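# Structural overview
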Amino acid sequence: MPLVHGATPSILLVEDDPVSALFLSATLEALPARVRIAEDCAQALAAAGPFDLWLIDANLPDGSGTALLQHLRMADASAVALAHTADATPAIRERLLSAGVVSVLVKPLSARALLDAVRNALGDKGSDVPAPRPDWDETAALAALAGNREHVATLRQLFLSELPATRTACLDAFARADDAALRALLHRLQASCGFAGAAALADVASRWHVAPADAALRDAFVAASGRLLPAQG
């Protein structure tokens with residue numbers, strides 16, 4: 001179901017695990033999208049629609065994803081359905097596809113895989129994906145510091161002097177699989193990027209914060225930070 005250009009899709013996420021629900025919803029909101037979370041079949045059926053897409057767990061505390069999809073279809077014949085499951089067996093995949101889902105996502109999955117699947121399901125082939133942000137955004141930096149160019153220059157110099165150590169700490173946390181430490185570092189970095197006007201790095205840090213185990217985002221972070229460091233001279 002193609003979206004109207006510029007429209008924000010509405011998604012019903014059905015997931016009973018709180019950690020998975022947090023990851024999936026935060027990733028989907030980055031589309032951007034409006035996300036409603038339901039923990040089970042009962043909450044999903046009670047959720048106020050309509051929705052552009054349903055993302056349904058194959059196994060729920062009070063029923064199966066296929067049964068839930070059949071009930072949801074009785075009220076809405078137009079929404080697109082995706083399923084997510086930790087069971088990668090062909091039988092489960094075939095059962096879900098036969099029930100009417102357009103794609104089966106196997107957990108654990110990366111943020112990129114989730115977003116690509118959702119965009120494809122909605123018919124969004126990238127026409128509404130924002131253009132890449134510049135390495136330096138002077139307008140944003142000046143706006144954050146009340147138009148004071150001297151303050152921007154001073155904070156940018158400080159930002160660049162601290163960036164190598166911050167980058168090393170982030171990469172070390174990633175290598176240790178310490179998601180909490182990495183998220184804390186990225187949270188602080190996003191604020192610093194805002195004042196310095198490091199737009200592209202802020203964007204990558206924001207997406208990596210959502211999916212700290214994503215190696216592709218780690219590589220994007222290395223590239224974005226590396227483009228800034230030569231400016232130190």
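Higher on the page you've got the structure.
Predicted, not measured: the structure shown is a model, and the values here were computed from it.

### Re the packing of aromatic side chains
We describe a pair of aromatic rings using the distance from one ring centre to the other and the angle between the two ring planes. According to the stated counting rule, one finds 3 aromatic pairs in the structure shown. Each ring, one from W208 and one from F221, has its centre 4.9 Å from the other, and the planes form 40°; the classification is tilted. Residue W208 is found in helix 9 (residues 199–210), and its partner F221 is found in helix 10 (residues 215–228); the two are separated by 13 residues along the sequence. As far as the burial class goes, W208 and F221 line up, both buried.

### Overview of the pairing of strand 6 (residues 80–85)
Counted residue by residue, strand 6 has 6 buried out of 6 residues, so it is predominantly covered. Where burial is concerned, the two faces of strand 6 agree: the one with V80, L82 and H84 and the one with A81, A83 and T85 are both buried. Bridging between strand 3 (residues 53–57) and strand 6 involves 5 bridges; their strand directions are parallel. Bridging from a neighbouring strand, D57 pairs with H84 of strand 6. Strand direction decides the pairing type here: strand 6 and strand 7 (residues 103–106), joined by 4 bridges, are parallel. From the neighbouring strand, T85 faces strand 7, where its bridge partner is V106. Taken together, strand 6, helix 4 (residues 90–99) and strand 7 constitute a β-α-β crossover, and its handedness is right-handed.

### A short note on the pattern of salt bridges
Applying the stated criterion across every chain yields a total of 7 salt bridges. The closest approach of N and O atoms between D178 and R176, which form a salt bridge, is 3.6 Å. One salt bridge connects D219 with R218, and the closest N-O pair in it is separated by 2.6 Å. Since its relative accessible area comes to 42%, D219 is described here as partly exposed. What makes R218 partly exposed here is its relative accessible area of 24%.

### Section: a nonpolar patch on the surface
On the surface, L155, L158 and F195 cluster together to form a nonpolar patch covering roughly 250 Å² of accessible area. Along the polypeptide, L155 turns up in helix 7 (residues 149–175).

### Looking at the sheet that holds strand 1 (residues 10–14)
The strand order across the open sheet built from 5 strands is 2-1-3-6-7, with neighbouring strands paired in parallel fashion. The open sheet terminates on both sides in strands that have one partner only, identified here as strand 2 (34–38) and strand 7. Sheet twist, expressed as the average angle between the axes of neighbouring strands with direction ignored, equals 20°. Where helix 4 meets the sheet, its contacts fall on strand 6 and strand 7, and the angle it forms with strand 7 comes to roughly 145°.

### Quick word on the environment of P18
Tracing the backbone shows P18 in helix 1 (residues 18–29). The class for P18 is exposed, based on a relative accessible area of 62%. Sequence separation of P18 and E39 is 21 residues, and the distance between their C-alpha atoms is 8.4 Å.

Rules used throughout
- All residue numbers refer to position in the chain's written sequence, counted from 1.
- Residue-level local features of this predicted model are given only where pLDDT is at least 70; pairs of side-chain atoms are given and counted only at 80 or more, and the full residue set underlies all totals for whole chains, interfaces and linings.
- To obtain the side-chain values, all non-hydrogen atoms of the structure were included, while hydrogens and water were left out.
- Any pair of Phe, Tyr and Trp rings, taking the six-membered ring for Trp, is counted once the centres come within 6.5 Å. Such a pair is stacked with planes under 30 degrees apart, edge-to-face with planes over 60 apart, and tilted for the rest.
- Numbering goes from the N terminus for both helices and strands, where a helix is a DSSP run of H or I of at least four residues and a strand is a run of E of at least two.
- Three exposure classes are used, based on accessible area relative to the maximum for each residue type with a 1.4 Å probe and protein chains only: buried under 20%, partly exposed in between, and exposed over 50%.
- Only strands joined by at least two bridges in the DSSP assignment are considered to pair.
- Handedness rule for crossovers: strands pointing away from the viewer, path from the first strand over the helix to the second running clockwise, crossover right-handed.
- Whenever Lys or Arg places a side-chain nitrogen within 4 Å of a carboxyl oxygen from Asp or Glu, that contact is recorded as a salt bridge.
- Exposure above 30% relative accessible area and the lack of any salt bridge qualify a residue for a patch; like charges then connect within 9 Å, and the nonpolar side chains Val, Leu, Ile, Met, Phe, Trp and Tyr within 5 Å.
- Computed with the Shrake-Rupley method and a 1.4 Å probe, the accessible areas treat only the protein chains shown as cover for residues.
- As a rule, the C-alpha atoms of each element are fitted with a line to give its axis, helices using only the stretch in contact, and angles between N-to-C directions run from 0 to 180 degrees.
- Here, residues are in contact when the closest pair of their heavy atoms is within 4.5 Å.

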